[in-house]
Amino acid sequence: MKSSIYNICIQTDGCNSIIFNALKGTSILVDSEMKTAIESNSLEMICPEDLFTLVDSGFLVEDDLDERNVYAFEHNQNKYSTDISSFLVLPTLSCNLSCPYCYEDSLNISRSRSMDRNIAENVTNFIKNQVMENHSRSVVLGLYGGEPLLESDLCIQIAESISKWTMSRGLNYFSALTTNGTMLSQETFDKLRPFISSVHFTLDGPEEEHNKMRFYKGGRGTYSDLMKAISLAGESNIHLTVRIHIGDRTGQGDFAKVLGDLEAIGLRGRPRTYLYFMPIEPKDECFNTSSKKSLRRKLKNIELLPCIWNMARELGWGESLHVDAGQEHSLLPFSRLPCGFLKNGCYVIDPSARLYSCPSVAGIERYSVGSISQDGTAIWLPSYYDAITASPTDATACKDCSHLPLCNGGCPVRPSSAQEPDGCHLKEFYNKKILTHLAHKYPTLIWGT
Amino acid sequence: MKGSLFNVFIALCDGKYAIFNTMTGALVFADEDLKGILGSKDVRIDELDSEMVNRLEKMGLIVENGVDERRLFKYNYLQNRYSNRDAHFSILLTYKCNLSCPYCYEGRTTKPEKSMDDEMVERVIKAIIGKVKETGSRNLSLALYGGEPLLCLNGGMKILRSLSSWCNSENVNFKSALISNGTLLTRATVNTISGHVDAVQLTLDGPRWYHDRLRVFCNGRGTYDRILESIPLLREAGISVILRVQVSMENIVLLAELFDDLKKKGFSEDKGIRLYAFPLMELNPACCSYSSLCIDEDSYEDILPTIWAEGLKKGFVMAFKPTPSFIQPYCSFASDSSYLIDAFGDVYKCVSLVGQQDHKVARIDSMGRFIDVSFELCEFMARDPLKLESCFNCVYLPTCSGGCAYRSLLSNRTYFGKDCALHRTLEYKKILFYIRSKYSDRLKVIE
């Protein structure tokens, strides 16, 4: 037996430490003696009963096992299987709002373009072709922007076509509309509803805060319009996801206010409702993993989350939170991919029918990895294969890292100028996540003594 | 533009060249000039007309400078290995066999006897359905083998019937094959399997007199006539027949006689009968006393092409243009959706490792679930030819993709090694054979 290369040891207080196994997602609280025994591979000091537990949970592994192969297998399995084909379509890059954080990133996206009906037709054909080529059983369609409802007819055209086509083929279909909510009239919603499974809204805090961040071009806030839209969608049985941004100045009381407003429109306890809290980050945040400023901000934000979750639970929103380890909105979602978009069978499509590996850069031609031709087939650029086959198991800095199964090498699409100039800070970031997650889940165990 | 990394250049006798691309399977004939262009790291496209550039690029013989063809290979290769499209299961129904071929049993102290019992049959059916549901595969193929699978016919039929009817209701394509010694394929048995089995593979060791010395019933009687009798029965039932011809040091010169006999029986006329030659290999310690029969692997490249040529004379095409591994995998179990289940319900990833407990990758539990999935599976699947230096630089990388993982395990004690035995030079010979058989009369006119 030997110690797993994916053991992460974090000191909690004077004498105890947590060992977290990044491959298995297991954690154990150990005293300094056990910590030394595991770290130094001095296993003769460990009693058989403990040894069994340590092996069973992946902290110790067989001598001849190269765990890098286990990771590589799971990484490839996750990346290359195409049981689901997923398409994020941006019918337009325009938006009727002028939220500052959207315009503050360094990407300078030109936001005036929209799709025309012919391109939408090509995109629909591409989706059908690609699903067949991937032999997928399930199709996920995302409508995104810009503000997709500026082109609501295109949204309907695409979603209706794909929805009907999947039904005729006996395929599973799931589609999500991400909208700022300001253009979701009853009429539009009724037209879209038959072809849409889920709507995603974003709130920037309570009314006052929100209106400072999310406003129309003239400056008027969108909070009340957005609440109307959520309420409208909430009356149907559609899936509803509400993302609540954590701003620099948002306090506990502010979140309680937001939840109160959502309760007033009947969302509390509503089935198919999902709530998550997310620090406001620039759109190109994934590219800036190395900046110390960004790291400090991230560390601070992580600390806030458990308090917010606890408060939301106390206010009766527990069923809408999905923050357990392994769940989508938790601190430790346990993916084997650095990003859900860098997956075979996953495509981001801009209004000009160009293809991307990342929604943050959609619309910037130099990041495009291919394009959809008029016959609905993809013409891939070499950069597509470079991006999708990039594996952290080939990267010198990542292949032997204990944190690899958590960060999965970070974003391989980020521009080369953003490559870590002074090393990787992700270890510190993930250590904080692990500790925060565990402290939230087992408060007395970790900090009790 | 640049010439593809995967162009194989073959000098023809008239000063011309055949150029075969192992990634795309494209084959062109070229003069010295064009050959020079296609082998160049910097193709001066101004020397070619644009139509020509287009065609060469389409065939993958030249590529844009920014294209990393190994990336493209990696993508195709991994996409195929992890594709959920085709699920394949080989089922070892029984370890029992009614024959006593020396190369199979010589050196073994005990013959294993286990057959799949009714309960295990049910578990296996559940397990396969579960896997296909889980992965959403569109195609399911099954190979029943053993031992001699027809010694466990009831279990086999139960599996075939259940799975084909399930696939039918779930809109999954179902195909099945039987790998048998052929001695039990009577009219009654063929009637039973008819409609449930698409293909049967049988094995021949040479012409009758030679075959009957090796492939014998337990009482020593030969099996040649019995096997050949079964072929028309199978064909009448619409079942394809694949004849595996084992090649050993002793029988090389005898195979022409076998092909002759098969031709006389009319088998070369029937498109539903295919032949292939496979060298007898020393694959495990049990083989050692018969290792003198095995051809040294360095000789495959000389011996197999002569056999293909002999076969072709009698109308049997036994070698084809090499195909990229991401279209036709080099190993039935390379795919993440392929498994082998034995009579004990143990799951393996390799025919040669079946029965070796320390190499099993999982087992089927009483609920029909794959449990105790072992790290062996990860090691087998994580094998990456691009990480093997000699494969990384090999022009045959797309067709061979590292070769047989088991043979690497034998010689390197790890899956992470190359195996060139049935590749490299042999692939070159296949291309030559293909050109000779297909273009012999046209070589002069194709520029």
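Small disclaimer: the values here were computed from a predicted structure and weren't measured.

Student: What am I meant to see in the overall build of chain B here?
Tutor: From N to C terminus, chain B includes 16 helices and 15 strands. Projected onto its principal axes, the C-alpha positions of chain B cover 70 × 50 × 45 Å. Taken across its 447 residues, chain B has 54% of its residues classed as buried. Counting only contacts in chain B whose residues sit at least 6 apart along the sequence, the fraction spanning at least 24 positions is 68%.

Student: Whenever I open this one, the overall build of chain A confuses me. Can you help?
Tutor: Looking only at helices and strands, chain A features 15 helices and 15 strands. Along the first, second and third principal axes, the C-alpha set of chain A runs to 70 × 50 × 45 Å. Within the structure as shown, chain A displays about 19,200 Å² of accessible surface, and the carbon and sulfur contribution to it stands at 51%. Looking at charge distribution, chain A has the averaged site of its 43 positive side-chain charges lying 5 Å from that of its 53 negative ones.

Student: Hey, could you run me through the interface of chain B and chain A in this one?
Tutor: Where interface size is given, it is often the accessible area lost as the parts come together that is meant. Opposite the 28 residues of chain B that make contact, chain A presents 29 residues. Interface of chain B and chain A: buried area, both sides summed, is about 2,500 Å²; carbon and sulfur atoms make up 57% of it. The largest per-residue losses of area from chain B upon contact with chain A belong to Tyr75(B), Tyr82(B) and Arg138(B), which jointly make up 25% of the total buried on that side. Of the charged contacts in the structure, one is a salt bridge between Lys74(B) and Asp394(A), with a shortest N-O distance of 3.1 Å. Between chain B and chain A we count 12 residue pairs in polar contact (both at pLDDT 80 or more) in total.

Student: I would appreciate a short explanation of the sheet that holds strand β14 (residues 370–372) of chain A in the present structure.
Tutor: Working definition: the strands of a sheet are paired by backbone hydrogen bonds and lie parallel or antiparallel to each other. All names here are of chain A. The sheet built from 10 strands is open, its strands ordered β11-β10-β9-β8-β7-β6-β12-β13-β14-β15 with mixed pairing. At either end of the open sheet lies a strand with only one pairing partner, and these are β11 (273–279) and β15 (378–380). On average, each strand axis in the sheet is inclined to that of its neighbour by 25 degrees, with strand direction left out of account. With 3 bridges joining them, β14 and β15 adopt antiparallel strand pairing. Each residue of the ladder has a partner; that of Ser-371, found in β15, is Ile-379. Of the strands in this sheet, β6 (84–89), β7 (138–143), β12 (346–349), β13 (354–356), β14 and β15 touch helix α5 (residues 117–134), which is tilted by about 160 degrees from β6. Of the strands in this sheet, β10 (239–246) and β11 touch helix α11 (residues 292–314), which is tilted by about 150 degrees from β11.

Student: Help me understand the side chain of Ser40(B) in this model?
Tutor: All names here are of chain B. As for its position among the elements, Ser-40 is in the loop between α1 (32–38) and α2 (50–58). Taking relative accessible area as the criterion, Ser-40 reaches 18% and is therefore assigned buried. At a separation of 2.8 Å, a polar atom in the side chain of Ser-40 contacts the main-chain amide nitrogen of Asp-42. Discounting chain neighbours no more than four positions away, the residues touching Ser-40 are Lys-2 and Gly-3.

Student: Any chance you could explain the domain arrangement of chain B here in plain terms?
Tutor: Looking at chain B, the domain boundaries give domain 1 (2–67) and domain 2 (83–313). If you average the C-alpha positions of domain 1 of chain B and of domain 2 of chain B, the two centres end up 41 Å apart.

Student: I would appreciate a short explanation of the environment of Pro329(B) in the present structure.
Tutor: All names here are of chain B. Tracing the backbone shows Pro-329 in the loop between α11 (300–313) and β12 (338–341). On the accessibility criterion, Pro-329 (38% relative accessible area) is partly exposed. Through-space distance from the C-alpha of Pro-329 to that of Asp-118 is 33 Å; in sequence the pair is 211 residues apart.

Student: Explanation requested: the environment of Ser114(A) in the structure shown.
Tutor: Residue and element names in this part refer to chain A. Here Ser-114 shows up in the loop between α4 (100–103) and α5. Along the chain, Ser-114 and Gly-340 lie 226 residues apart, while their C-alpha atoms are 25 Å from each other. Apart from the residues within four sequence positions on either side, Ser-114 is in contact with Pro-91, Thr-92, Ser-94, Glu-151 and Pro-351. A polar contact of 2.8 Å, which involves the side chain of Ser-114, links it to the side chain of Thr-92. A polar side-chain atom of Ser-114 sits 3.0 Å from a polar atom in the side chain of Glu-151.

Student: What should I look at first to understand the sheet that holds strand β4 (residues 27–30) of chain B in this one?
Tutor: Residue and element names in this part refer to chain B. Ordered in space as β2-β3-β4, the 3 strands form an open sheet in which the pairing is antiparallel. Of all the strands in the sheet, just β2 (7–11) and β4 have a single pairing partner and so form its edges. Across the sheet, the axes of successive neighbouring strands diverge by a mean angle of 25 degrees, strand direction being ignored. Bridge analysis of β2 against strand β3 (residues 17–21) gives 5 bridges, and the strand direction is antiparallel. Bridge pairing in β3 places Phe-9 opposite Ile-19. Most of the contacts of helix α16 (residues 425–439) go to β2, to which it runs at about 60 degrees, and overall it touches β2, β3 and β4.

Student: Mind showing me how you'd approach the nonpolar core here?
Tutor: Proteins that are soluble and globular tend to have nonpolar side chains buried together. Residues Leu262(A) and Phe277(A) are the most contacted members of the largest nonpolar core, which totals 199 residues. The residues contacting Phe277(A), other than those within four sequence positions of it, are Ile244(A), Ile246(A), Phe255(A), Leu259(A), Leu305(A), Ile308(A), Trp309(A), Ala312(A) and Leu321(A). Counting residues in hydrophobic clusters, the runner-up holds 14 residues, among them Ala18(B), Cys394(B), Ile431(B) and Tyr434(B).

Student: I would appreciate a short explanation of the packing of aromatic side chains in the present structure.
Tutor: How two aromatic rings sit relative to each other is set out by the distance from centre to centre and by the angle between their planes. In the structure shown here, the tally under the stated rule is 24 aromatic pairs over all chains. Ring-pair connections join several aromatic residues into one group, and the members of that group are Tyr80(A), Phe87(A), Phe126(A), Tyr347(A), Trp380(A), Tyr384(A), Tyr385(A) and Tyr75(B). Sitting over the face of the ring of Phe370(B), Lys131(B) holds its NZ or CZ atom 4.7 Å from the ring centroid. Over the ring of Tyr339(B) we find Lys349(B), and its NZ or CZ is 4.7 Å from the ring centre.

Student: Would you mind going over helix α5 (residues 118–135) of chain B with me for this structure?
Tutor: Residues and elements named next belong to chain B. With 18 residues, α5 extends 26 Å from end C-alpha to end C-alpha; this agrees with the ideal 26 Å at 1.5 Å per step. Along α5, the residues classified as buried are Met-120, Val-121, Arg-123, Val-124, Ile-125, Ala-127, Ile-128, Ile-129, Lys-131, Val-132 and Thr-135. Elements in contact with the buried residues of α5: β6 (86–94), β7 (139–146), α6 (153–170), β12, β14 (362–364) and β15 (370–371). Following α5 by one or two positions, Gly-136 adopts a phi angle in the positive range, close to 70 degrees.

Criteria and thresholds
- Residues numbered from 1 in each chain as written.
- Chains lettered and ligands numbered in written order.
- Predicted model: local features only at pLDDT ≥ 70, side-chain atom pairs only at ≥ 80, totals over all residues.
- Heavy atoms only, no water.
- Helix = DSSP H or I, 4+ residues; strand = E, 2+ residues; numbered from the N terminus.
- Buried < 20%, exposed > 50% of the residue type's maximum accessible area, 1.4 Å probe, protein only.
- Contact = heavy atoms within 4.5 Å.
- Areas by Shrake-Rupley, 256 points an atom, 1.4 Å probe, with all protein chains shown as cover.
- Lys, Arg positive; Asp, Glu negative; His and termini not counted.
- Charge placed at Lys NZ, Arg CZ, Asp CG, Glu CD.
- Buried area = accessible area lost by both parts, 1.4 Å probe.
- Salt bridge = Lys/Arg side-chain N within 4 Å of Asp/Glu carboxyl O.
- Polar contact = N/O pair within 3.5 Å; in protein donor to acceptor, adjacent residues only side chain to side chain.
- Pairing = 2+ DSSP bridges.
- Axes fitted to C-alpha atoms, helices over the stretch in contact; angles between N-to-C directions.
- Domains from an automatic or database assignment.
- Core = buried A, V, L, I, M, F, W, Y, C linked by side-chain atoms within 4.5 Å.
- Phe/Tyr/Trp six-rings, centres within 6.5 Å; stacked < 30°, edge-to-face > 60°.
- Lys NZ or Arg CZ within 6 Å of the ring centre and 35° of its normal.
- Expected span 1.5 Å × (residues − 1).

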